[in-house]
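Below, each chain spelled out in residue letters.
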Amino acid sequence: MPLQPRFRRSAGSQRRFVDREEATAAFEDAWADAGDGLRVVNVTGVGGIGKSRFLRECQLRLESEARTALLDLQIPALREQDAALAVLRARFGAQDVSFPRYDLAYLALWQRLHPHLQISLADIAARQESDVLTDIADAVGGLPVFRSVSGLLELAGRSSERFKRWRWLRNDETLHRLDELDPVELADAATFLFAEDLRRASAEKHYLVCVDAYEALVGGSTRAGRTAGLDAWLRDLVSQLDRGVVLIASREPLGWETYDSQWAAHMIRVPLDGLPMPARVELLQAHGVADVRARTALARASSGVPFYLNLALDADTGATEGRPALTRAVSGEEILERFLQHVDPQEVRLLELLAVARTIDYEIFRTVGAAFALSADRLTWETLTAYSFVQPAGPDQFQLHQLMAAELRARQSPATRRAVHRVLHALWRERAARSATGGASVRRTTGVRLREVAFHSMYAGEFTAAELLAIAAEIAASGGIRSLGGVVEDALRFCAAGDRPRPELEMAARCVEAETAILVGDVEHAEALTRALGAVDGDSSAQVRLALAGADALRVLGRTSEALARYSSLWQGATVPEGRSAGLWAADLYMAGGRFRDAENLVNGLIATLDRNEHQLRGDTARLIHLGRRFAFDFPAARSSLDQAQLHYMESGSAVCLANLAVNRAEFLAWTEPEHAGDVADEAIAMQRDIGALHELGKAYTAKALALLRRGRIAEAESTLDTALETLGRARYRSGTARAQLVRSLILLHRGERENARGTAEWAIREFQGAEVYPTLVLASLFTLRRSGLEQPAHAAPLARARAAIRPVDSLGAIEGRVDAWVATVLGE
């Protein structure tokens, strides 16, 4: 029957027992069905998470509604069947439940287990507080021993008027069979009779049996599958308690369905997780921690484990000079003692070493175990991963509880920690090499694996800025852009926790952060990171790359003159190889600004400095030449350079470069062969989604929209262009948005919305000229308006500016002829 009232708690209790609403609701649902078959609620969680407290709370709330009893298996004596039954009998007996049949069975069992002890029936009756034994003792006149239960019942029945109320027991077949049983069978019979007596009493009131610290009964055996002989008596008892609810607290799920599949139908698992941050703060505040900084520090350090918070409160002695109360460290040994109770010492040593890893799997376990000459077989692995403090972290991956892992690492000597990091660094480096040569799905994990290489490199010994930049370049080339943010976070945390300043490493981390922001289209963040950068040391790769990222951000934001000035300065002043990238981007801005001859001259000079095997930079130069020729509308020459770039990028293995080139190919085909552009655009979109580069993704959608438009699929083109504009807007990509609006003007022309088309095209023209880019696209826009009969006198000024900006490889007339011919093709003339 449901609780009346349903778990209302007093104000004081509510302050101390927070954020267990889901667990409480699950128990409440089970209690609502009490008396209607077996109900076992299994509360699970790491040591110190609050399982014992939850059991006590459930008992308190049922005091007026039901009979309750707690069996605490932390007490060694209570792990024995006879002692456990005796305790439960005493707890329920104090709540007016009589156990006449069990008491007789207990008497027989006690006599069988202690044949050498002489104790009177009156003493046993008094200890058990048993009415039936008291009446028997009175009837037999202090008989010190007895030969059989049957004989005792017969003797008492003949000699005492007081025993008449128990006369029905003389006909109980089970009691008469007790004398025939061996001690093990007799203990099981006592369990049966205990459950029968409790079942009889449950007709007037349901009962709750709580069992705490199940893992103390089985130790580490449950992980290895050896519990059958240890907890069989408890399973036997619980299976017969079908007129109430059994609440069992354990660190790991009981797993009793291994022995009998029928357990699954009766088991309700209720995991207790760490307290969320608001609940931690509430708990501390309720206990009088008024200082906000102290509350926050403790709440974060606790990882949501209430035991940690209680230790902190117990240890507090008030504020000290310069430090608020409750911010001092909580004893790590006390925390570990709670976590590692009942864990084998050999397993503890393995856990200490594995705590260095952020995630563990079977290969890591085997490698670390072998490196330190510890047993690391499959059975030990299954034992470790079954502990509640070893939590799933993905397919076949696990993590140690954060609080426990930190304390385990603190136990180690610095030399041991470095040795473990070196082992893990070598393993992750090997894994990264394997994934780089695997299939597409495996290659996607390369970035994640390289992040672990970087992490363990930091703590294995001296870690330099050059190493960080090299690993970041590897990750970017693999396409694992999302892992770069994690590398930055790891590096900055490493610098902050170090015993000495590491300014060069911090600079390198900021450099990687800015480059990553550029790659994913967060240009405003990149610009903010580099805004305060002063004079750049041309001999420092990190400083040059950071300045380059800042220039890239200015370029995307449309601040072209500022970007070109920075690129040119770096190209002229940098002595490190990264300076060549500055020259490349300066050439890119020459190209975007219509200075095609200047761009090719600069690129040709850059090519002369490259080694034969510098395939990525050779690919970059070929791609830049392709873009220059495409925006000069020289399509045959542009195709040749595009194919050359493809070959170089394939040699370099750079996933990002190949993805960006896929966007360029989709754009080229949308301009020249729209019937072939769709599949290429879809492939580019998929690649850029995987990388997360918004500006390139928006360009790919724009190319697809243009191709759809030119094939007459207007509605699809409009929908795709909406996606392109939304993506480009998020990237704050000014010139990319203007290019997309040119496609919008063409769609509007096809729809017959001529004035809207003109206004949209004029807006794009203003954006191009405001950003000082793409004068040939300005020509294309104006020629489109002219051929559509939408030319205005005001168009003369932007036309003149566009013509003045162009410095062609051949001639301005040749370019204008090619642009006009292309416009005629697009308009279907």
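Everything numeric here is computed off the predicted structure, so don't read it as measured data.

Colleague: Could you clarify how one ought to interpret the overall build of the protein chain in this entry?
Modeller: Helix and strand counts for the protein chain come out as 43 helices and 7 strands. When the 829 residues of the protein chain are sorted by exposure, 54% land in the buried category. Across the protein chain, every contact between residues at least 6 apart in sequence was considered, and the portion connecting residues at least 24 apart equals 69%. If you sum the accessible surface of the protein chain, you get close to 35,600 Å²; carbon and sulfur atoms cover 49% of it.

Colleague: I tried to follow the pattern of salt bridges on my own but got confused; where do I start?
Modeller: Proximity of charged atoms lets side chains of opposite charge pair with each other. Enumeration over the complete set of coordinates arrives at 53 salt bridges. Here Asp 820 and Arg 786 are joined by a salt bridge, their closest N and O atoms 3.3 Å apart. Residue Asp 820 is located in helix H43 (residues 812-826), and its partner Arg 786 is located in helix H41 (residues 775-787); the two are separated by 34 residues in the primary sequence. The shortest N-O distance in the salt bridge between Asp 820 and Arg 787 comes to 3.0 Å.

Colleague: It is not clear to me how the packing of aromatic side chains should be interpreted in this structure. Could you clarify?
Modeller: Geometrically, a pair of aromatic rings is defined through the distance of the ring centres and the angle of the planes. Considering all chains together, one arrives at 23 aromatic pairs under this definition. Their ring planes at 40° and their centres at 5.2 Å tell us that Phe 365 and Trp 381 sit as a pair that is tilted. On the criterion of sequence distance, the pair formed by Phe 365 in helix H19 (residues 362-371) and Trp 381 in helix H20 (residues 378-385) is long-range, its members being 16 residues apart. With relative accessibility at 0%, the residue Phe 365 sits in the buried group. Exposure remark for Trp 381: the relative accessible area of 6% places this residue in the buried category. Seen from their ring centres, Phe 631 and Trp 671 are 5.7 Å apart, and the 85° between their planes marks the pair as edge-to-face. Residue Phe 631 is found in helix H33 (residues 615-631), and its partner Trp 671 is found in helix H35 (residues 655-672); the two are separated by 40 residues along the sequence. By relative accessible area, which is 2% here, Phe 631 ends up buried. You can call Trp 671 buried: its relative accessible area is 10%. An aromatic cluster is present here, built from Phe 631, Phe 633, Phe 635, Phe 668, Trp 671, Phe 768, Tyr 774 and Trp 822 joined pairwise through their rings. Across from the ring centre of Phe 631, 5.1 Å away, lies the NZ or CZ of Arg 630, which sits over that ring. When the ring centre of Phe 783 is taken as origin, the NZ or CZ atom of Arg 786, which lies over that ring, is 4.6 Å away.

Rules behind the numbers
- Residues numbered from 1 in each chain as written.
- Predicted model: local features only at pLDDT ≥ 70, side-chain atom pairs only at ≥ 80, totals over all residues.
- Heavy atoms only, no water.
- Helix = DSSP H or I, 4+ residues; strand = E, 2+ residues; numbered from the N terminus.
- Buried < 20%, exposed > 50% of the residue type's maximum accessible area, 1.4 Å probe, protein only.
- Contact = heavy atoms within 4.5 Å.
- Areas by Shrake-Rupley, 256 points an atom, 1.4 Å probe, with all protein chains shown as cover.
- Salt bridge = Lys/Arg side-chain N within 4 Å of Asp/Glu carboxyl O.
- Phe/Tyr/Trp six-rings, centres within 6.5 Å; stacked < 30°, edge-to-face > 60°.
- Lys NZ or Arg CZ within 6 Å of the ring centre and 35° of its normal.

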